[in-house]
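# Understanding the architecture of this molecule
Below, each chain spelled out in residue letters.
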There are 2 protein chains.
Amino acid sequence: MKAKVHVTLKSGVLDPQGKAVGHALTALGFDGVLGVRQGKYIELDIAETDPVKAKPLVEDMCRKLLANTVIENFAIDLEG
Amino acid sequence: MKAKVHVTLKSGVLDPQGKAVGHALTALGFDGVLGVRQGKYIELDIAETDPVKAKPLVEDMCRKLLANTVIENFAIDLEG
């Protein structure tokens, strides 16, 4: 099944990459950009087909590798 | 309003970053990882409040800066 993982910086954590994107958009003439936060989006294709087992498995992957839980949150969507 | 943008590599485009994540997960003992694709997730806070105007505005941002449309697709969700 497919697992879609969003990894985002916790609120309060500085996001220089997002800031840079915001400045670049303003420089390109896009006014009215109030804020930009950039995160990661990871699509996993896993052999496990039972959502009940897949959820904790992917959570474990997030904690061990995909997200730095000190500064990042993660959200998991399972599909099919 | 908020715009959530997903930028993903087009299918067929090699994703060495995703491959590296897949290998790392396997090395950590996660069997059954069949594939990993990594993309970007960008949250924009824009002054425009009309979804009808915001959609093409954000599409324009994607084409001009956020996505490389030669190798990447983008998807936009508007909120609030």
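Worth saying up front: this structure is predicted, and the values here are computed from it rather than measured.

### What to know about the relation of the copies chain A and chain B
Least-squares fitting of chain A to chain B yields an RMSD of 0.0 Å, with the superposition described by an axial translation of 0.0 Å and a rotation of 180°. When the rotation and shift are considered jointly, the pair of chain copies conforms to a two-fold rotation axis. Comparing contact sets, 100% of the residues at the interface of chain A also lie at the interface in chain B, consistent with an isologous, same-surface contact.

### As for the side chain of Q38 of chain B
Residue position: Q38 of chain B is located in strand β2 (residues 33–46). Excluding residues that lie within four positions of it along the chain, Q38 of chain B makes contacts with K40, Y41 and I42 of chain A together with D15, Q17, G18 and V21 of chain B.

### Re the sheet that holds strand β3 (residues 72–79) of chain A
With respect to topology, 6 strands assemble into an open sheet ordered β3(A)-β1(A)-β2(A)-β2(B)-β1(B)-β3(B), the strand pairing being antiparallel. Sheet topology places β3 of chain A together with β3 (72–79) of chain B at the edges, where each strand pairs with a single neighbour. In this sheet, adjacent strand axes meet at a mean angle of 20° when their direction is disregarded. Two strands pair when backbone bridges link them, and strand β1 (residues 2–9) of chain A and β3 of chain A are joined in this way by 8 bridges, in the antiparallel orientation. Its bridge partner lying in β3 of chain A, H6 of chain A is registered against A75 of chain A. With respect to the sheet, helix α1 (residues 16–27) of chain A is in contact with β2 (33–46) of chain A together with β2 of chain B, its orientation differing from that of β2 of chain A by roughly 125°. The strands touched by helix α2 (residues 51–66) of chain A are β1, β2 and β3 of chain A together with β2 of chain B; relative to β3 of chain A, the strand with the most contacts, the crossing angle is about 150°.

Cut-off values and rules
- Residues numbered from 1 in each chain as written.
- Chains lettered and ligands numbered in written order.
- Predicted model: local features only at pLDDT ≥ 70, side-chain atom pairs only at ≥ 80, totals over all residues.
- Heavy atoms only, no water.
- Least-squares fit on C-alpha atoms with pLDDT ≥ 70 in both.
- Contact = heavy atoms within 4.5 Å.
- Helix = DSSP H or I, 4+ residues; strand = E, 2+ residues; numbered from the N terminus.
- Pairing = 2+ DSSP bridges.
- Axes fitted to C-alpha atoms, helices over the stretch in contact; angles between N-to-C directions.

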